[in-house]
Structures are given as structure tokens and as C-alpha cells.
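Structural characterization, general
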Amino acid sequence: MMNMSDVAAFLHLGWDTVKRIFSADMEREVKKINLREVEFLAIDEVYLGKLHKFVTIVIDWQSGRILHVAKGRGENALRPFFRRLRRAKARIRAVATDMSAAYASAVVKNLRDADLVIDRFHVIKLMNEKIDALRRALQREADVMGRKAIKGTRYLLLRGKENLSPERLPDLEAALKLNKPLSIAYYLKEELRTLWSYRKIEEMAVFLDDWIKRAMESGIALLATFAKTLLAFRSAILNSAKHPISNGKLEGINNKIGAMQRVHYGLRDFHFLSLRLLTLHRAKHTFCG
């Protein structure tokens, strides 16, 4: 619960001594990781600040435990983990990733019997980014009246309609009424959210193909680009009907990583940082006076 400086001061030990004790304990814990029973994985990148920048993290989707930490993104960061999986003779059924071509190609290449899954969170996140980019472009080009209607609508456009308070709905409707491209993008986004209500892959495929066609024919370049991305990841998106897994647990882990870094004021030793992450599931970080 305490950072190492607090422990060292409390026990009247040197900081390096405390670090060695922590490291030895965590090394023993990490050696116990059994990959043979793992069936579902989630892969994502995490930004750890200016020193370590981006790292790749792999978790056991069922338990939420971090299984692998490596600097960088893409296949190079995952290659040592894939070797460990082969040695453990693990039978991975599905892997959830974001819409990164690097992660997707690495999974397809190295885990040929596993299904790649692109979850709802990352699809809608990318769609929201496209809508926000469209909103900014329209605001730059709009006349005074149109600019006034668009200004302050970012929250309204990116939230689900059911999550908006009744008093904010007129503001949303006014912005959509004055901007046809924004209106088209917004309603397509709301329709896309219903994709995951289908339980059968065949029904999901029909809906997705129709949505992609309408987005490409919308005349809005940002939507057409997004539709091409969905088409490239079509089978992985449809796999979410077969394997309802997501990177949601990784988002929660990101919060725990942030808490850990605040307690330790950053960790410069990457090996020690990796050990802390690999044992994060048993950590309980609090500030102690």
C-alpha cells in the first residue's frame, strides 16, 4: 500500500534494499504465471509518460491479470509472448484488440487458430473521433449563425442520445437541423451502436454491410474513410457475436496503472516497472501519511 520511500523510512532501511526485497518477491510471483489454461486475451497499448512512452500490455481476459508487458507497439513487442504461449501449448480461442493494423496482423500471423475480435468500444471510439473532426471542420467553414449552433455541441454529439438530459435535446436538434453533414454523421453513429444488439453473425453482417454502403454513399469524406476501415476489419468486428469479449477490462487496468504511477512518482527502471505491472492484480495503492 505504501511506496518504497515510505517503506524504507518506516523500517529504517536503504531504498535499494527495499527495492531488492520487492523485486525478489515479484519475481517469484511472476514465475507462477501459467499460460496453459489461458483461452481469451486482450491486447492494448498504454502511454506511461515521456520516459517509457508507449508499452504493449496483454491480459488474460477472464481473470484480468496482466500476462505480458513490453516497450513499443506491434509484432516486435508481442513476439516474446507468442513464444511463451507456444512453449506452454496454450490454446487461445479469441483475442480482443483495438483497430491497430499492427496488433491485428501480429495476432493473425502468430495465433492462427484464434479469432481476432474488434470490440464495440474501439469501433464507437473511432466513429466519435470522425464526428468530432467533422464538427471542427464545419465550425471553421460555417457562417456566424451556423457557428453559433455548432459551438458547444461536442458533448451532445459524442454521447448516446439516451444519456442526454431532456433540456439539452433542443440544442442537439438545432445543431443537426442547420448542418446536414453533421446530421447524417450523427444518425449513422446512433444506428451503428445497434450493431451489437444482433446475436447472430449472419444478421450482424447484413446490418454492417448496409451501414458501410450508406456511409460510403453519404458524400462525407470522413465517413467514407471510416467505412473503409470497418470493411477492412469486417470479420473481426463480426467475431464479437461469437466471442463477446472486449478491451473494457484493460481500460480499468489503465486507471490502476495511473494510481500506481502517482504513488511512486514514476518508475525509471523499466524492468522493475514491468514487475509492478505483472503483479498489479494483487496491488492496493493508497497514499499513506
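Everything here concerns the structure above.
Residues numbered from 1 in each chain as written. Predicted model: local features only at pLDDT ≥ 70, side-chain atom pairs only at ≥ 80, totals over all residues. Heavy atoms only, no water.

**Re the pattern of salt bridges**
Scanning the model with the defined rule gives 12 salt bridges in all. Arg-234 is the salt-bridge partner of Asp-209, the closest N and O atoms lying 2.8 Å from each other. Taken together, the positions of Asp-209 in helix H10 (residues 201-216) and Arg-234 in helix H12 (residues 234-242) put the pair 25 residues apart, joining distant regions of the chain. In this structure, a network of salt bridges that share partners links the residues Glu-75, Arg-79 and Lys-109. (Salt bridge = Lys/Arg side-chain N within 4 Å of Asp/Glu carboxyl O. Helix = DSSP H or I, 4+ residues; strand = E, 2+ residues; numbered from the N terminus.)

**Looking at helix H11 (residues 221-232)**
Here H11 is 12 residues long and its end C-alpha atoms lie 17 Å apart, about the 16 Å a rise of 1.5 Å per residue gives. Every buried residue of H11 is accounted for by Leu-223, Ala-224, Phe-226, Ala-227 and Leu-230. The buried side chains of H11 occupy one side of the element, clustering within an arc of 160° when seen end-on. Those residues of H11 that are exposed and aimed more than 90 degrees away from the buried face are Ala-221, Lys-228 and Ala-232. (Expected span 1.5 Å × (residues − 1). Buried < 20%, exposed > 50% of the residue type's maximum accessible area, 1.4 Å probe, protein only. Arc of directions from axis to C-beta.)

**Side note on unusual backbone geometry**
Backbone phi values are negative for most residues with the exception of glycine, while trans is the configuration of most peptide bonds. In this structure, His-12 is a non-glycine residue whose phi angle is positive, near 60°. Its place among the elements puts His-12 in the loop between helix H1 (4-11) and helix H2 (15-31). The phi dihedral of Lys-89 is positive, around 55°, even though this residue is not glycine. Inspection of the secondary structure assignment puts Lys-89 in the loop between helix H3 (75-88) and strand E4 (94-97). Judged by relative accessible area, which is 61%, Lys-89 ranks as exposed.

**Quick notes on the packing of H1 against H2**
The interhelical angle for the contact between H1 and H2, taken along N-to-C directions, is 115°, at an axis separation of 9 Å. Here H2 runs roughly perpendicular to H1, going by the angle between their axes. The chirality of how H1 crosses H2 is right-handed. On H2, the residues touching Met-4, Ser-5, Val-7 and Ala-8 of H1 are Trp-15, Val-18, Lys-19 and Phe-22. (Axes fitted to C-alpha atoms, helices over the stretch in contact; angles between N-to-C directions. Parallel < 35°, antiparallel > 145°, perpendicular 65-115°, else oblique. Left-handed = near helix turned anticlockwise from the far one by under 90°. Contact = heavy atoms within 4.5 Å.)

**Here's the deal with a nonpolar patch on the surface**
Together, Phe-10, Leu-11, Leu-13 and Ile-21 give the surface a local cluster of nonpolar side chains, amounting to about 420 Å² of exposed area. Positionally, Leu-11 belongs in helix H1. Among the residues examined, Leu-11 registers a relative accessible area of 47% and is labelled partly exposed. (Patch = residues over 30% accessible without salt bridge, like charges linked within 9 Å, V, L, I, M, F, W, Y side chains within 5 Å. Areas by Shrake-Rupley, 256 points an atom, 1.4 Å probe, with all protein chains shown as cover.)

**Observations regarding helix H9 (residues 180-192)**
Between the first and last C-alpha of H9 there are 18 Å, a value that for 13 residues agrees with the 18 Å anticipated at 1.5 Å per step. Those residues of H9 that sit buried are Leu-182, Ser-183, Ala-185, Tyr-186, Leu-188, Lys-189, Glu-190 and Leu-192.

**A word on the sheet that holds strand E2 (residues 54-60)**
Strand order in this open sheet of five strands is E3-E2-E1-E4-E5, and the pairing throughout is mixed. Every other strand in the sheet has two partners, leaving strand E3 (66-71) and strand E5 (115-118) as the edge strands with one partner each. Taking the axes of each pair of neighbouring strands and ignoring which way they run, one obtains an average angle of 20° across the sheet. Sitting on the sheet, helix H14 (residues 270-278) is in contact with E2 and E3, with an inclination near 155° to E3. (Pairing = 2+ DSSP bridges.)

**Looking at the packing of aromatic side chains**
Applying the stated rule across the entire model yields six aromatic pairs. Plain terms: the ring middles of Tyr-186 and Tyr-187 are 5.3 Å apart, the flat faces sit at 75° to each other, and that makes the pair edge-to-face. Seen from the ring of Phe-270, Lys-71 lies directly overhead, with NZ or CZ sitting 5.0 Å from the centre. Seen from the ring of Phe-22, Arg-276 lies directly overhead, with NZ or CZ sitting 5.6 Å from the centre. (Phe/Tyr/Trp six-rings, centres within 6.5 Å; stacked < 30°, edge-to-face > 60°. Lys NZ or Arg CZ within 6 Å of the ring centre and 35° of its normal.)

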